[in-house]
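Close look at the chain arrangement
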Amino acid sequence: MDIQALAAAHPDHWKKACAIRALAMDAVHAANSGHSGMPMGMADVATVLFEKHLKFDAAAPDWPDRDRFILSAGHGSMLLYALLHLTGYADMTIEQIRNFRQLGAITAGHPEYGHAKGVETTTGPLGQGIANSVGFAIAEEIQRARFGAKIVDHHTYVIAGDGCLMEGVSHEAIGLAGRQELGKLIVFWDHNGITIDGKVSLSDRTDQLARFAAAGWHVQEIDGHDPDAIDRAIRAAKAAGQPSMIACRTHIGLGSSAQDTAKAHGALTDETLIADTKAAYGWSYGPFEVPAEIKKAWEAIGSRGRTARDAWQARLAALPQGKQREFARALAGEAPGKLPATIKALKKQFSAEAPKVATRKASEMVLEVLNPLLPETIGGSADLTGSNNTRTSDLGVFEPGNRKGRYVYYGIREHGMAAAMNGMALHGGARPYGGTFMCFTDYARPAMRLSALMGVPVTYVMTHDSIGLGEDGPTHQPVEHLAISRATPNTHVFRPADAVETAEAWELALTSGDTPSVLALSRQGLPTVRIEHKTKNLTAQGAYVLADAQGKRQAILIATGSEVSVALAARELLQADGIGTRVVSMPCMELFAAQDERYRKRVLPGGPVRVGIEAAMRQGWDRWLLGERGREAKAAFVGMDSFGASAPAEDLFRHFGITAEAVAGKVRALLG
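Computed from a predicted model, the values in this text were never measured in an experiment.

Calculation rules
- Residues numbered from 1 in each chain as written.
- Predicted model: local features only at pLDDT ≥ 70, side-chain atom pairs only at ≥ 80, totals over all residues.
- Heavy atoms only, no water.
- Helix = DSSP H or I, 4+ residues; strand = E, 2+ residues; numbered from the N terminus.
- Polar contact = N/O pair within 3.5 Å; in protein donor to acceptor, adjacent residues only side chain to side chain.
- Contact = heavy atoms within 4.5 Å.
- Pairing = 2+ DSSP bridges.
- Axes fitted to C-alpha atoms, helices over the stretch in contact; angles between N-to-C directions.
- Buried < 20%, exposed > 50% of the residue type's maximum accessible area, 1.4 Å probe, protein only.
- Right-handed = clockwise from strand over helix to strand, strands pointing away.
- Phe/Tyr/Trp six-rings, centres within 6.5 Å; stacked < 30°, edge-to-face > 60°.
- Expected span 1.5 Å × (residues − 1).
- Arc of directions from axis to C-beta.

Description of the side chain of S36
Here S36 is to be found in the loop between α2 (11–31) and α3 (37–52). At 3.1 Å, the side chain of S36 and the backbone nitrogen of L268 are in polar contact. Ignoring anything within four residues of it in the chain, the contact list for S36 reads V28, A264, H265, G266, A267 and L268.

Looking at the sheet that holds strand β14 (residues 544–547)
Strand order in the open sheet made by the five strands is β14-β16-β15-β17-β18, with mixed pairing throughout. The sheet is open, and its two edges are formed by β14 and β18 (635–638), each paired on a single side. Taken over all neighbouring pairs, the strand axes of this sheet differ in orientation by 30° on average, direction set aside. Contacts from helix α27 (residues 660–671) reach β15 (553–559), β17 (609–613) and β18 within the one sheet, and its direction differs from that of β17 by about 155°.

Points about unusual backbone geometry
Residue N389 is not a glycine yet carries a positive backbone phi of 60°. Here N389 shows up in the loop between α17 (385–388) and β9 (407–409).

Regarding the pairing of strand β10 (residues 431–437)
Residues in a regular strand project their side chains so that they alternate between the two faces of the sheet. Counting buried residues along β10, seven of its seven residues qualify, which places the element largely inside the surrounding structure. For strand β8 (residues 377–381) and β10, the ladder comprises three bridges, and the chain directions are parallel. In the sheet register, S381 faces β10, and the bridge partner there is G435. Pairing between β10 and strand β11 (residues 459–463): five bridges, direction parallel. Residue G434 lies in a different strand from β11, and its bridge partner there is Y460. After leaving β10, the chain enters helix α19 (residues 441–454) and then returns to the sheet as β11, a path that is right-handed.

Topic: the packing of aromatic side chains
Considering all chains together, one arrives at 18 aromatic pairs under this definition. Ring geometry for F50 against F56: centres 5.3 Å apart, planes inclined by 70°, an arrangement best described as edge-to-face. Ring plane angle 25° and centroid distance 5.9 Å describe the contact between F437 and F440, whose orientation is recorded as stacked. Note on F437: relative accessible area 6%, which makes it buried.

Digging into the side chain of T515
Locating T515 in the fold gives a position in the loop between α21 (499–511) and β13 (517–520). Within the structure, T515 has its side chain in polar contact with the side chain of D514 (distance 3.4 Å).

So, the sheet that holds strand β2 (residues 156–160)
Spatially, β1-β2-β3-β7-β6 is the arrangement adopted by the five strands of the open sheet, whose pairing is parallel. Both outer strands of the open sheet, β1 (68–71) and β6 (218–223), are each paired with one neighbouring strand and no more. The sheet shows a mean angle of 15° between the axes of neighbouring strands, direction not considered. Of the pairings in the sheet, the one linking β6 to strand β7 (residues 244–249) comprises six bridges and is parallel in character. Each residue of the ladder has a partner; that of H218, found in β7, is S244. Each of β2, β3 (185–191), β6 and β7 touches helix α10 (residues 227–238); the most contacted strand, β6, lies at about 175° to it.

Quick look at α27
Under the 1.5 Å per step criterion, the end-to-end length of α27 is 17 Å for twelve residues, consistent within 8% with the ideal 16 Å. When we look at burial in α27, the residues that qualify are A660, V663, A664 and V667. The buried residues of α27 occupy an angular sector of 100° when projected down its axis, which confines them to one face. For α27, exposure combined with an orientation more than 90 degrees from the buried face picks out E661 and A669. Contact partners of the buried residues in α27: β15, α22 (563–576), β17 and β18.

So this is what it looks like as structure tokens:
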């Protein structure tokens with residue numbers, strides 16, 4: 001690569017791009033860790049994109065109609081941080097760049113959503129960014145159809161690396177984007193041929209251009225260091241009418257002695273190497289120093305979008321007041337004012353009619369009422385629509401011919417679905433929910449973890465939540481999955497006992513500001529246990545007394561989901577023997593743990609023996625059985641300690657001893 005020729009042919013571009021490269025080298029050197037080579041290789045692409053195409057205003061980083069820029073190759077975070085600093089984002093100061101990867105700095109090792117303005121999503125786990133981008137693009141399409149192109153009309157740009165494209169989730173994302181013809185989505189592939197272990201050819205021979213083309217993408221291949229070629233490719237991509245992938249042939253660690261080697265992927269910290277590289281660039285400035293004229297040129301790029309933003313603001317102001325309010329409400333994530341009354345009326349109906357339905361069916365009944373009320377919901381399923389009960393009659397199917405549709409057929413792509421939903425929520429103005437079997441949270445786990453880490457209120461509708469699904473057997477029966485979900489920080493796991501608790505769980509999920517929700521729902525029909533109507537959302541307390549002891553309280557049964565009715569039946573057996581028994585329904589352990597000590601003590605007082613009942617593993621239960629005034633000698637658990645089996649549900653509950661008789665027996669044994 002003749003960088004002197006490049007610098008001579010495009011001197012202004014070269015200086016701006018080298019400001020990115022120099023800051024990346026300086027920050028990685030100061031931190032003594034990080035990834036220098038990717039920012040050095042992709043600086044030319046990023047410079048052309050930001051200077052000539054990206055619609056943004058650094059002074060208004062949350063402008064709703066900005067283009068979104070996603071660094072899927074998150075290890076190259078200094079590329080993004082340098083761009084944000086150079087273009088004038090107020091929070092990305094030179095001190096933050098100096099403190100790259102240090103405690104308390106917004107310049108984390110990998111970009112983290114919520115830490116710095118301009119960071120659209122948390123990346124680092126490879127493939128997540130490109131998969132998120134599909135959700136960003138779907139949300140843009142739906143909102144453009146709803147509010148009009150004068151209000152919503154922007155692109156989503158992604159820089160992805162070889163690692164992103166090797167990760168399996170990328171295949172799910174690419175296929176979904178191609179099927180949906182997401183023409184506002186443009187991906188730059190950093191085609192440098194290097195991974196940590198060495199050349200890509202050590203482990204892969206995929207023709208990525210053919211792969212994307214086969215999925216329905218517009219594809220191009222260019223010299224990723226030629227600014228004219230980059231500009232032409234972006235213009236062609238924007239006009240293509242398909243999702244577009246631009247393969248950018250680049251040199252990782254450009255200009256350094258480590259160029260085109262695995263060493264360049266990591267931290268280039270040798271002072272001689274850095275000095276020699278800067279000399280090759282013609283960059284004669286000190287560490288973290290950007291000449292005033294170059295910084296000024298970059299800041300002009302950062303303010304270029306101000307005129308477009310002002311024009312957009314005028315168009316928004318010209319909308320009818322009602323439409324302006326609705327646009328603002330959806331973006332703010334605020335629920336409609338009618339939601340609480342609607343939920344209360346539905347709960348009253350359920351308590352009066354006392355339906356015996358699976359909670360997956362109850363969920364559908366709730367959504368039939370709520371989806372028309374919340375036009376920002378976007379539903380979907382990973383090829384289990386009829387089993388998850390996630391599609392309601394009003395949604396319409398999202399597809400190229402119907403951008404007003406709000407139901408996405410994701411196909412058998414649990415991971416891609418979860419990552420896309422993260423993108424929708426991050427885009428703003430959308431409340432995504434999607435379904436699969438609870439067991440297959442395994443396939444969605446990385447994206448579910450990122451929902452929690454980023455604090456985005458995605459709702460995971462996970463049906464077939466126990467051995468109660470029956471004959472499909474242990475491959476489909478979740479036993480450890482509730483514990484896994486509950487072990488994830490900042491996640492609300494709801495396991496409702498009936499239709500009333502299901503309605504309450506949905507109200508909480510749809511009003512959550514920064515916590516994702518997992519709804520664990522049954523396949524089998526469950527009786528209504530909340531037959532006395534309460535206007536208060538009891539599920540919001542996490543646990544509550546469903547049925548109290550008659551006479552002296554000697555036992556407390558704590559149950560979730562389908563086992564609440566088992567607990568009630570056990571209570572009848574025990575009360576018949578004069579053993580006063582309280583039943584506590586615990587639909588959300590996380591919310592109960594968040595209650596004050598006084599309330600928790602009222603629900604779980606010391607003294608009586610305790611039995612936890614859940615058709616799942618015990619892990620996570622001991623806080624409620626042994627802690628919170630409980631004692632090991634006076635506590636037991638009725639549930640699973642192995643995988644399930646293939647048989648009708650009723651036979652399985654008997655086989656594994658999850659019955660009213662078994663629960664009553666545990667209580668009697670504890671009482672001696």
